[in-house]
Amino acid sequence: SQQGEEDPQALSIQEGENATMNCSYKTSINNLQWYRQNSGRGLVHLILIRSNEREKHSGRLRVTLDTSKKSSSLLITASRAADTASYFCVNTGGFKTIFGAGTRLFVKA
Amino acid sequence: EPEVTQTPSHQVTQMGQEVILRCVPISNHLYFYWYRQILGQKVEFLVSFYNNEISEKSEIFDDQFSVERPDGSNFTLKIRSTKLEDSAMYFCASSEFGPSGANVLTFGAGSRLTVL
């Protein structure tokens, strides 16, 4: 299965704090991607990290990848209320991109 | 920024009726996908489509479902005889590259289907 499994299932923080979400996957990857979904809306691509990369930044997002542990993490720094959403990691090495249950992040203003 | 466009945004239908959900992928994208999300549940993969044929499909995508790219711009999902449990948000997505490349999926806003 190319599904990622996110941890924790839910995370509640204060605005301004950092949020860290973790992902584990089972099969080898070509690249790993993180997506966000605001309630009931379409998923939005956040960042892609390739299997030969260990860390990547995009604005307030920082993604790390450890292929030896088959894990990734997404760090959102200086969180805002607008970051409230569900976050998913996916291994997109096939035609069947499967989304897991995600991490539900709630940022309190 | 290019968008994936889905119509209708909301459709209400009677059980047993046929429904067609339409999607206009981003123009230079070659790979197309349908997902669905039942209220409060995970986003579930239905089908992927490339080069005018289905690449992968899930167990959800049974004989009641079909996909088509009738012209150079539209990508449709047809449900032949809707059931109550087909009520969900249906998302279309497209990507420029396939699985061996950086296949970033761009999603539409979704079509909400309500089956009565």
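All figures in this text were calculated on a predicted structure; none of them were measured in a lab.

What about the sheet that holds strand E3 (residues 19-24) of chain B?
Residue and element names in this part refer to chain B.
And then number 1: Within the open sheet, the 4 strands sit side by side as E1-E3-E8-E7. Their pairing is antiparallel. Looking at which strands have only one partner, the edges of the open sheet turn out to be strand E1 (5-7) and strand E7 (65-68). Strand after strand, the sheet turns through a mean of 15° between neighbouring axes, direction not considered.
And then number 2: Taken together, the 3 bridges between E1 and E3 define a ladder with antiparallel strand orientation. Each bridged residue has a counterpart across the sheet, and for Thr7 the counterpart in E3 is Arg22.

Details of the interface of chain A and chain B
And then number 1: Tallying the contact residues gives 23 residues for chain A and 25 residues for chain B.
And then number 2: Approximately 1800 Å² of surface area, both sides summed, lies buried where chain A meets chain B, with 58% of it carried by carbon and sulfur atoms.
And then number 3: At the junction of chain A and chain B, the tally comes to 0 salt bridges.
And then number 4: There are 5 residue pairs in polar contact (both at pLDDT 80 or more) connecting chain A and chain B.
And then number 5: Of all the elements in the fold, those that place two or more residues in the side of chain A that touches chain B are strand E4 (31-37) and strand E5 (43-50) of chain A.

Side note on the layout of surface pockets
One simple way to see leftover space: roll a probe sized like a water molecule over the atoms.
And then number 1: Looking at the largest pocket, its volume works out to about 540 Å³.
And then number 2: Forming the walls of the largest pocket are 23 residues, and the residues nearest its centre are Gln37, Ser39, Ser86 and Arg104 of chain A together with Gln37 of chain B.
And then number 3: Looking at side-chain class alone, the lining of the largest pocket contains 9 nonpolar, 11 polar and 3 charged residues.
And then number 4: Lining the second largest pocket are 18 residues, with Gly42, Leu43 and Val44 of chain A together with Thr106 and Phe107 of chain B sitting closest to its centre.
And then number 5: Residue assignment for the lining of the second largest pocket shows that the elements contributing at least two residues are E5 of chain A together with strand E10 (106-107) of chain B.

Rules behind the numbers
Residues numbered from 1 in each chain as written. Chains lettered and ligands numbered in written order. Predicted model: local features only at pLDDT ≥ 70, side-chain atom pairs only at ≥ 80, totals over all residues. Heavy atoms only, no water. Pairing = 2+ DSSP bridges. Helix = DSSP H or I, 4+ residues; strand = E, 2+ residues; numbered from the N terminus. Axes fitted to C-alpha atoms, helices over the stretch in contact; angles between N-to-C directions. Contact = heavy atoms within 4.5 Å. Buried area = accessible area lost by both parts, 1.4 Å probe. Salt bridge = Lys/Arg side-chain N within 4 Å of Asp/Glu carboxyl O. Polar contact = N/O pair within 3.5 Å; in protein donor to acceptor, adjacent residues only side chain to side chain. 1 Å grid on protein atoms, 1.4 Å probe; cavity = no way out; pocket = protein on both sides within 12 Å on 5 of 7 lines; lining within 4 Å. Points joined across faces, edges and corners; volume = space filled by probe spheres on them. Nonpolar A, V, L, I, M, F, W, Y, C, P; charged D, E, K, R; others polar.

Geometric descriptors of this kind do not, in isolation, establish any biological role.
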